[in-house]
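# Secondary and tertiary structure notes
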Amino acid sequence: MNTRKLPTTIPEYLEHLRRSLAGADPALVQDALYDAEEYLRSELAEQPDKTEAEVIAAVASSYGAPDEVADIYRDTEVKVQTALRPPPPRPRSSALGRFFGVFADPRAYASLFYMVLSLATGIFYFTWAVTGLSVSLGLSITIIGIPLLILFFGSVRVLSLVEGRIVEVMLGERMPRRPLYTVRGRSLLQRIGDMFTDVRTWSTILYMMLLMPLGIVYFTLVVTLLGTALSSIAAPVLVWLGIAEAGTSIGGWGILNYDGEVLSTSMPAIGLPLLLLFGIVLLFATMHIARGIGRVHGLFAKHLLVKTAQHD
Amino acid sequence: MDESEDQAGAQLRKFQKELSTGTVALALLAVLAAAGEPMYGYQIAKTLERVGQGALAGKQSALYPVLRNLQAAGLLDSFVEPSDAGPPRRYYRITDAGHGALRNWAAAWRATRDSVDAVLEGIRQ
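Only a predicted model underlies this, so the values are computations on that prediction, with no experimental measurement involved.

Glancing now at the overall build of chain B. Helix and strand counts for chain B stand at four helices and three strands. In sequence order, the secondary structure elements of chain B are arranged as α-β-α-α-β-β-α. Residue burial in chain B is summarised as follows: out of 125 residues, 26% are buried. The long-range fraction of contacts in chain B, counting pairs at least 24 apart against all pairs at least 6 apart in sequence, stands at 53%.

The next thing to look at is the packing of helix α6 (residues 106-138) of chain A against helix α9 (residues 199-240) of chain A. Residue and element names in this part refer to chain A. Here α6 crosses α9 at 145°, and the two axes come no closer than 7 Å. Note that α6 runs across α9; the crossing there is left-handed. Residues that form the contact of α6 with α9 fall into these classes: 21 nonpolar, four polar and no charged.

Each side of the interface is counted separately: chain B has 17 residues, and chain A has 21 residues. Looking at the side of chain B that touches chain A, the elements that each hand over two or more residues are α2 (41-51) and α3 (63-72) of chain B. Ranked by residues supplied to the side of chain B that touches chain A, first place goes to α3 of chain B with five residues. A per-class count over the side of chain B that touches chain A returns eight nonpolar, five polar and four charged.

For the rest of this paragraph, the subject is the environment of I192 of chain A. Residues and elements named next belong to chain A. Note on placement: I192 falls in helix α8 (residues 188-197). Look at I192 and you get partly exposed, because 15 C-beta atoms sit within 10 Å. Counting along the chain gives 42 residues from I192 to I150, while the straight-line C-alpha distance between them is 7.2 Å.

All names here are of chain A. Looking at where M287 falls in the secondary structure, it is placed in helix α10 (residues 272-305). The class of M287 is buried, set by 22 C-beta atoms lying within 10 Å. Expressed as a C-alpha distance, the spacing of M287 and F99, which sit 188 residues apart in the sequence, is 9.6 Å. Residues contacting M287, with those up to four places away along its chain left out, are V102, F103, A108 and L112.

This part is about the confidence of the model for chain B. Looking at chain B, the pLDDT average stands at 83 and 89% of residues meet or exceed 70. Taken over the whole predicted complex, pTM reads 0.60, whereas the ipTM for its chain interfaces reads 0.73.

This next bit is on the nonpolar core. Counting 42 residues, the largest nonpolar core has L17, A32, A36 and V69 of chain A together with L28, L29 and L63 of chain B as the members making the most contacts within it. Apart from the residues lying within four places of it in its own chain, the contact partners of V69 of chain A are L17, A32, A36, Y63 and G64 of chain A together with S61 of chain B. Within the second largest apolar cluster, 31 residues are counted, among which are L159, V167, Y207 and L211 of chain A.

Residues and elements named next belong to chain B. Spatial strand order, β1-β3-β2: three strands in an open sheet with antiparallel pairing. Every other strand in the sheet has two partners, leaving β1 (39-40) and β2 (76-81) as the edge strands with one partner each. Examined bridge by bridge, β2 and strand β3 (residues 89-94) share six bridges and lie antiparallel to one another. Residue S78 lies in a different strand from β3, and its bridge partner there is Y92.

Another aspect to go through is the packing of helix α2 (residues 26-46) of chain A against α2 of chain B. Contact geometry of α2 of chain A with α2 of chain B gives a least axis separation of 9 Å together with a crossing angle of 70°. In terms of orientation, α2 of chain A and α2 of chain B fall into the roughly perpendicular class. Considering the relative orientation of α2 of chain A and α2 of chain B, their crossing is right-handed. Residues D35, E38, Y39, S42 and E43 of chain A of α2 of chain A form the contact with α2 of chain B, whose participating residues are G41, Y42 and A45 of chain B. For the contact of α2 of chain A with α2 of chain B, the residue count by class is three nonpolar, two polar and three charged.

With mixed pairing, three strands are arranged side by side in an open sheet as β1-β3-β2 (chain A). This sheet does not close on itself; its edge strands, each paired only once, are β1 (244-245) and β2 (257-258) of chain A.

Examined bridge by bridge, β1 of chain B and β3 of chain B share two bridges and lie antiparallel to one another. Within β3 of chain B, the position partnered with M39 of chain B by the bridge is Y92 of chain B.

Thresholds applied
- Residues numbered from 1 in each chain as written.
- Chains lettered and ligands numbered in written order.
- Predicted model: local features only at pLDDT ≥ 70, side-chain atom pairs only at ≥ 80, totals over all residues.
- Helix = DSSP H or I, 4+ residues; strand = E, 2+ residues; numbered from the N terminus.
- Buried ≥ 20, exposed ≤ 12 C-beta atoms within 10 Å, placed from the backbone.
- Contact = placed C-beta atoms within 7 Å.
- Axes fitted to C-alpha atoms, helices over the stretch in contact; angles between N-to-C directions.
- Left-handed = near helix turned anticlockwise from the far one by under 90°.
- Nonpolar A, V, L, I, M, F, W, Y, C, P; charged D, E, K, R; others polar.
- pLDDT = per-residue confidence, 0-100.
- Core = buried A, V, L, I, M, F, W, Y, C linked by C-beta atoms within 7 Å.
- Pairing = 2+ DSSP bridges.
- Parallel < 35°, antiparallel > 145°, perpendicular 65-115°, else oblique.

Rendered as structure tokens:
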């Protein structure tokens, strides 16, 4: 079984815990390591007359040995996930039911909203990353650039956590709720150095820059698809209500035109039921696309914002 | 027999775990309400350790995820403060909603305890 000797230092304990949690959700690992470090550091500070090894030996019975802690977190996570999440919609048996069932899935609406929002956040992140990086790197030839660069890297970490929260709430991908602990017992200069060599800092900056083009694509997709679908549904209804005219063409073919006086559609009256059907199918297809993109984007965000191997 | 003792021990542990699932959240709310000031994870764990018997005597690492859930449910709020002893600490404080939940839960707990005691009364000979 487990023949490894008990850890004698805090980094060893955390390393052991990380190994015990291997394969678990990286976000869970980050939270578990944060909690454990807080407890161990506090215990050590409470008992200054004891050595680190003695404190850790005592902690194994109160806080738990790394393996036990790993089990507890795995266990609780499952319970919490089922308790806090909205119940997943009942899987529909028929293909038709599955296709239209997306209408009742809150995840699809949230993804749709995230795609619209990502244009704004994407522009902000991009501006922040490019400005921060270029201003502080540019000024680094004078002394003032160095503190700016350090501040910028700090802000990147905070934004990474913020984006993680947005992604978890809207896309349902489990993200960290606590920041990463920096390695202790290192001088200020070493810790600043760590920021530069930490893969996560750079992958977060990459994510911030990539979110702008992605956000533009997402936003365009949502607006185009929803616009086409909704006007395809609206045009036949408006014609049947007598509000719009069918079969007129104003400056090219249009699903729904408004020239300041009359509402009209280029579709001849006979094709209107077909247009309505097309609109409805496209609306549901859009929600499927949104849900799919949301899922993929969640994984993408997790990959760049959460480092799998911590303290390595 | 060694084996049946093992089995009885495992059953007891399972029972205690099931008991603690429901009661730990109540105990955490009570500790924070009684303290009247924000406390951080380690302090809360130590306070509970002093009085913790039976189902509450489990590993303290189990408390942190529960604290996080209570915060997510709006019953606690939290803030981070730097400390000179180590990493910055996350302090938890009970909210108004938390006080309300504590009152309801405590009533539910007392009712449960009384009825369990009443049932157990029957076997005490």
